[in-house]
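Examining the three-dimensional arrangement
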Amino acid sequence: MPPPDEIELQLAELRRGYAKQLPEKIQRIEATCEAFFSQAWDEERCTTACRSAHSLAGSSGTYGFGDLGKAAKGLELLIKASLERRAALAPAELDQARKGLATMKEMAAAARV
Amino acid sequence: MVEDEPDIQAIARIALETVGGFTVEICSSGREALERAPAYRPELILMDVMMPGMDGPSTLKEMRARPETRTIPVIFMTAKVQPQEVANFKMIGALGVIPKPFDPMTLAATVRSIWEKEHASAG
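Here the structure is a predicted model, which is why all the values come from computation and not from measurement. (Residues numbered from 1 in each chain as written. Chains lettered and ligands numbered in written order. Predicted model: local features only at pLDDT ≥ 70, side-chain atom pairs only at ≥ 80, totals over all residues.)

**Topic: the nonpolar core**
As a rule of thumb, nonpolar side chains are buried together in soluble globular proteins. Within the largest apolar cluster, 56 residues are counted, with the highest numbers of intra-cluster contacts made by Ala53, Ala72 and Leu75 of chain A together with Ala15, Met47, Val74 and Phe76 of chain B. Among the elements that make up this core, the one with the highest residue count is helix H1 (residues 4–37) of chain A (eight residues). Here Val74 of chain B is in contact with Ile45, Met47, Leu60, Met63, Gly93, Ala94 and Leu95 of chain B, once residues within four sequence places are set aside. (Core = buried A, V, L, I, M, F, W, Y, C linked by C-beta atoms within 7 Å. Buried ≥ 20, exposed ≤ 12 C-beta atoms within 10 Å, placed from the backbone. Helix = DSSP H or I, 4+ residues; strand = E, 2+ residues; numbered from the N terminus. Contact = placed C-beta atoms within 7 Å.)

Structure representation (structure tokens):
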């Protein structure tokens, strides 16, 4: 096994690359979510939006951005509930989802390693 | 390892190969794993649960139904770690469950611990 410092350097390099890509990742999630939010309920759009939030929720925590992971998980759960009941988000849920996305954008812009 | 998310693939490779000393082959889908496992013959598979197309549990069930992959141990990686969820994964044949997100510095040790526990109970 390489020395711990070397492993830390490799991980830090990976995290820096991930952090740099975060604004673009959130932008893509926002696009898939808005495509879902702004049209009549559709299973495929709902699944795509849910999956995009799920991916970020899983990866950001592993890359050391735990708060962003929690925010993405919150968004995923809102969309998953919509998927389970096969109905659009209620206005209050939609508001919550959009606020979550705004928070995620702020976190992504501030992400540093 | 079976994982569709490239970011997780990248960090897990460092966690398992560099930190843990494992030799790692990555498949991006359950279908790919089913195709490649018979020739590659992995000693162990670390598998994501929620993947597009064929998810982890479906892939495991299919592996268990095929003679050439029936005995390969599978550990799931997932955010679904409520006791009932973990029990369900074990009931369909998973060796263990590793929570997501994971710590890249301890992932390999966790995998090894689950694996060795199984060896100990089998031997």
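Having seen the model, we can carry on.
**A word on the pairing of strand S3 (residues 96–99) of chain B**
Residues and elements named next belong to chain B. As paired strands, strand S2 (residues 74–78) and S3 are joined by four bridges and run parallel to one another. Each residue of the ladder has a partner; that of Met77, found in S3, is Ile98. This β-α-β element, S2 to helix H4 (residues 83–91) to S3, shows right-handed connectivity. (Pairing = 2+ DSSP bridges. Right-handed = clockwise from strand over helix to strand, strands pointing away.)

**Quick notes on the sheet that holds strand S1 (residues 45–48) of chain B**
Residues and elements named next belong to chain B. The strand order across the open sheet formed by three strands is S1-S2-S3, and the pairing between neighbours is parallel. Sheet topology places S1 and S3 at the edges, where each strand pairs with a single neighbour. Between one strand axis and the next, the sheet turns by 30° as a mean value, whatever way the strands run. Along the sheet, helix H3 (residues 56–65) contacts S1 and S2; its crossing angle with S1, the most-contacted strand, is approximately 140°. (Axes fitted to C-alpha atoms, helices over the stretch in contact; angles between N-to-C directions.)

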